[in-house]
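What follows is the residue order along each chain.
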Amino acid sequence: MSLPEPLPALEIVELARIDGSDETLAITPRWFPMDRLAASIRCMGVVTPLHLQPAPAGKLRIAMGFRRYRAAREYGFRKVPALVWTRASDLQLFDCALAEKVTGPLHDLERARALVKLRAQFGVEEESLIDRYLPLLNAPPSRHRLRVLLRLGRLDEALQRAVHRSLDPETAFRLAAWRVAERELFLGLLKRYEPGRNRQRELFGLLDDLRSSERRRGSGGLDRVWQASGASEADEDAGTVRPLRFRRILDCLHRLRRPRLSRHQDRYRRLKGGLKIPPQIRLQVPPYFEGDQLSVSFSCRNQAEFRHLVGRLEEMGGRAELGRIFELL
Amino acid sequence: MVAYTPDKIYVERGVADSWITRNVLRRLPATPVEWLEDSRTLLSASRRAGPSLAAAKRSLVLARHKGRFFKDCPAGRSRGERNVCCNYFVVNYASNCHMECSYCYLQTHLNFPHLVVYANYPDLLQELEARFESHPSTPFRVGTGELADSLALDSLTRYSVPLVEFFSRYGNAILEFKTKSDCVENLMGLDHGGRTVVSWSINPRAVQESDEHRTASIERRLRAAERCVAEGYRVGFHLDPMIHYPGWQGDYEDLVDEIFRRLPSRSVAWISLGSLRLSAGLKAFMRSRFPRSGLPLGELVPVPDGKLRYFWPIRVRMYRSAVEWVRARSPRTPVYLCMERPGVWSKVFAQAPPDEKRLGRSLAVTAAR
Ligand code: SF4
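As a convention, each chain's residues are numbered from 1 in the sequence order in which they are written. Here chains are named by letter from A upward and ligands by number from 1 upward, in the order in which they appear as written. The model is predicted, so local features are restricted to residues of pLDDT at least 70 and side-chain atom pairs to those at 80 or more, both for listing and for counting; the totals for chains, interfaces and linings are taken over all residues. The side-chain values count all of the structure's non-hydrogen atoms but skip hydrogen atoms and water molecules.

**Some details on the overall build of chain A**
Counting from the N terminus, the helices are the DSSP runs of H or I reaching at least four residues and the strands are the DSSP runs of E reaching at least two. The number of helices and strands found in chain A is 16 helices and seven strands. For the radius of gyration, the atom set is restricted to C-alpha positions; the globular benchmark scales as 2.2 Å times the number of residues to the power 0.38. Rg of the C-alpha trace for chain A: 30 Å, well past the compact-globule value of 20 Å for 329 residues, more than 25% over. Seen through its principal axes, chain A has C-alpha atoms that stretch 95 × 55 × 40 Å. Each of the 329 residues in chain A was classed as buried or not, and the buried ones make up 46%. Long-range contacts, defined as pairs at least 24 residues apart, comprise 66% of the intrachain contacts of chain A with a sequence gap of at least 6. Method for areas: the Shrake-Rupley scheme with a 1.4 Å probe, in which residue coverage is limited to the protein chains shown. Accessible surface, chain A as shown: approximately 17500 Å² in total, 50% of it carbon and sulfur. Charge assignment in this entry is limited to Lys and Arg as positive and Asp and Glu as negative, and neither His nor the chain termini are counted. For charged residues, the charge sits on one atom: NZ in Lys, CZ in Arg, CG in Asp, CD in Glu. Within chain A, one finds 59 positive and 42 negative side-chain charges whose respective centroids are separated by 2 Å. Each residue is placed in one exposure class: buried if its accessible area under a 1.4 Å probe, protein chains only, is under 20% of its type's maximum, exposed if it is over 50%, and partly exposed if it falls in between. Any two residues having at least one pair of non-hydrogen atoms within 4.5 Å are treated as being in contact.

**What about unusual backbone geometry?**
Leaving glycine aside, a negative phi is the common case for residues, and trans is the common case for peptide bonds. Here Asp240(B) and Pro241(B) are connected by a cis peptide whose omega angle stands at 0°. Within the secondary structure, Pro241(B) is located in strand β13 (residues 234-242). The backbone of Tyr288(A) sits at a positive phi, close to 55°, despite the residue not being glycine. Tracing the backbone through its elements, the reader meets Tyr288(A) in the loop between β6 (281-284) and β7 (295-298). The exposure class of Tyr288(A) is partly exposed, given its relative accessible area of 28%.

**Focus: the sheet that holds strand β18 (residues 335-337) of chain B**
Residues and elements named next belong to chain B. We call two strands paired when DSSP finds no fewer than two bridges between them. Overall, mixed pairing links the eight strands, which are arranged β4-β5-β9-β10-β11-β13-β14-β18 in an open sheet. Both outer strands of the open sheet, β4 (70-72) and β18, are each paired with one neighbouring strand and no more. Between one strand axis and the next, the sheet turns by 25° as a mean value, whatever way the strands run. By the bridge criterion, three bridges tie strand β14 (residues 268-275) to β18 in an arrangement that is parallel. Paired with Leu273 across the two strands is Leu337, which belongs to β18. With axes taken as lines fitted to C-alpha atoms, and helix axes fitted only over the stretch in contact, angles between N-to-C directions fall between 0 and 180 degrees. The sheet contacts of helix α7 (residues 160-167) involve β9 (140-143), β10 (173-179) and β11 (196-201), and relative to β10 the element is tilted by about 150°.

**Details of the pairing of strand β8 (residues 115-118) of chain B**
Residue and element names in this part refer to chain B. With burial as the criterion, each face of β8 is covered, one bearing Leu115 and Val117 and the other bearing Val116 and Tyr118. Looking at chain direction, strand β3 (residues 59-63) and β8 are connected through four bridges and run parallel. Across the sheet, residue Ala63 finds its bridge partner in β8, namely Tyr118. One ladder, built from two bridges, connects strand β6 (residues 94-95) with β8; its direction is antiparallel. Residue pairing in the sheet places Ser95 in a bridge with Val116 of β8.

**Side note on the interface of chain B and chain A**
Of the residues lining the interface, 28 residues belong to chain B; the matching set on chain A comes to 27 residues. In what follows, salt bridge is the name for a side-chain nitrogen of Lys or Arg lying within 4 Å of a carboxyl oxygen of Asp or Glu. Counting every contact that joins chain B to chain A gives six salt bridges. Here a polar contact means two N or O atoms within 3.5 Å. Within protein one must be a hydrogen donor candidate and the other an acceptor candidate, and residues neighboring in sequence count only if both atoms are side-chain atoms. Counting the contacts that link chain B with chain A gives 16 residue pairs in polar contact (both at pLDDT 80 or more). Of all the secondary-structure elements, those providing two or more residues to the side of chain B that touches chain A are α2 (40-49), α11 (280-289), β16 (300-302), α12 (312-329) and α13 (342-349) of chain B. Ranked by residues supplied to the side of chain B that touches chain A, first place goes to α12(B) with four residues. Per-class residue counts for the side of chain B that touches chain A are 12 nonpolar, seven polar and nine charged. Gly is placed with the polar residues, together with every amino acid not listed as nonpolar (Ala, Val, Leu, Ile, Met, Phe, Trp, Tyr, Cys and Pro) or charged (Asp, Glu, Lys and Arg).

**What about the environment of Tyr133(A)?**
Residue and element names in this part refer to chain A. Tracing the chain through its elements places Tyr133 in helix α5 (residues 126-136). Along the sequence, Tyr133 and Ala114 sit 19 residues apart, while their C-alpha atoms lie 9.2 Å from each other. For Tyr133, the residues in contact, after removing those within four places along its chain, are Leu91, Asp95, Leu98, Leu115, Leu118, Val124 and Ser128. There is a polar contact of 2.7 Å between the side chain of Tyr133 and the side chain of Asp95.

**Thoughts on the sheet that holds strand β2 (residues 33-36) of chain B**
Residues and elements named next belong to chain B. As summarised here, the arrangement of the five strands in space is β2-β1-β3-β8-β6, forming an open sheet in which the pairing is mixed. The strands lining the two open edges of the sheet, one partner per strand, are β2 and β6. Sitting on the sheet, helix α1 (residues 19-27) touches β1 (8-12), β2, β3 and β8, and the angle it makes with β1 is about 160°.

**Considering helix α14 (residues 259-274) of chain A**
The end-to-end C-alpha separation of α14(A) is 23 Å, in line with the 22 Å expected for 16 residues at 1.5 Å each. What α14(A) keeps buried is the set Leu261(A), Ser262(A), His264(A), Tyr268(A), Leu271(A) and Gly274(A). Residues of α14(A) that are buried in the fold lie against α13 (242-257), β6 and α16 (320-327) of chain A together with β16 and α12 of chain B. Lys276(A) sits one or two positions beyond α14(A) and adopts a positive phi of about 50°. Each helix should span, by expectation, one fewer than its residue count multiplied by 1.5 Å.

**Describing the nonpolar core**
Of all hydrophobic cores here, the largest spans 140 residues; its most connected members are Phe132(B), Leu187(B), Phe237(B) and Leu273(B). No other element matches α12(B), which puts nine residues into this core. Each residue touching Leu187(B), except ones within four places of it in the same chain, is listed here: Leu151(B), Ser160(B), Val164(B), Phe177(B), Val198(B), Cys228(B), Glu231(B) and Tyr233(B). Only buried residues count toward a nonpolar core, which is a set of Ala, Val, Leu, Ile, Met, Phe, Trp, Tyr and Cys residues joined through side-chain atoms within 4.5 Å. Of all hydrophobic cores here, the second largest spans 63 residues; its members include Val102(A), Leu190(A), Val225(A) and Ala231(A).

Laid out in structure tokens, this is it:
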């Protein structure tokens, strides 16, 4: 990654000469937060020079330092230090920008954007992306990894922003196939309830399956699922705290997705309620009723309590509800 | 079945002279061949290059099997509650399959995406011989369809021929070919001695058309079964994976009916039942590879063996119905469940699951009758 010219002399350049709209060589998406950098520039000014290239009409374009440029403008600086490269090609400058970038923490979205540009703008072959650029970007040199990053880099901005917030990339890829309104519904839920990755996947899995079933039946899409399941109502229930609302949404969707299982669970709850089990006794069915053993455990503080609980267990043993619970397994 | 014609054949030098290799090369004279010292180099290359599954299956690899061919069927070994095992054994003469069933577990199970045939079949036979002779009173049921379809490549390899002839010499062993193809040509005229069962995994036509891509149509499978029966083979059917969809009852009953209308019940060695099972990874893979398939949208729940399956009352209902349909047409045909826990067996057959050794033995004995 050598440049065909010696390091240019440091210059002080008028910001007005720089065309900041030309993002050909930008690696970091424009919308990435830059609070820390902005704060530092606000009090110190730009101390690390921008790297620039001559552009038509006497203007200069940025090769490195897009964020420094934006922060300088925002805080009203008129001039910045810069190195102006006159002979280096775009690809050579881009390589240098990458080499500089990887000295700090790099987000997958930046890796992805760099690879998409290398492939689409500079025509770099996939083999070279794997062998040369993935290691440079601190990523394992495999075609699978390359494909994932290229997919990530080709997502639209809304989805990339969601990935940057917390969206699981695999979910984002599948979300890309949804209609815009459907996506917005899902992304809105993530914003409102901020679920962790596992809950996110659970929510997406349910919605995606239900949406596909609807579409196969030709009876609409996510909107119908959202209404018919009761999730919409749960979402609008302002009287319930957010975590509970989210649980109710998941529950509504589960009921629609697995109606037989839900009926089974309801029956179990009813029967268990009918047994009037004291809190010291715990009755547990295997997950999804898949297994033929009911687990019963109890805890007590003394012999009298022990005898009392054994008596209750014996009494439970004769109840019809218990027999019916066994039938659910 | 859509016939398999690879774009390229890789041959390990160690099996250059194998009869299987010669068969393949003779049948595909125009296909480019690359000679390899060791097919494992291909494995590491494919890991790095990550070719798509469909692309990788376009190459056929003829290799030497380095480990043991003969294994216990892994179905009984499961996480959580153990599934009932029917004492089945498998020999992996090949791995991977050129057909494209949406639900095929090989898609995420194999770490080598190419289609491989292990051409050192004399080693396979030697291993079997040692096993059968050292346990002369143990009845063995041995299948070749665990990691590949048993017959889909047979028109290229002729692998079935030495296997059928070998098993005909052993009174304590039954060979089962399990297939979704109609490639039975090589079985005609062989002296099988009643020791080979040819069986078909079978589903209603609607499922075959939507989810068993490139496989032989149900009509062709049944015609192939008729040809085998005419040659004195016993045949088997695996209603596996049974799929739960609107109208499943009518379609499966028609299928069972058709089997017993077209084939004499005494020629049916067994019928096994199993239902759709997917790992979470396979479900995601299916959703992206076969986005039009409705199979992952069934009422599946995670079960202790780590798979997603239909919620048990659905499975029990499907199995019970199938058992009734079979019993109504052929009361003596053995029916068993594949990869199911004892609790489900009890519900389906209204009795405790059979002793596993006896189950395997009785299937082997009825097959040989
Ligand atoms: S025929 Fe069997 S091995 Fe082949 S793709 Fe279908 S399920 Fe898999």
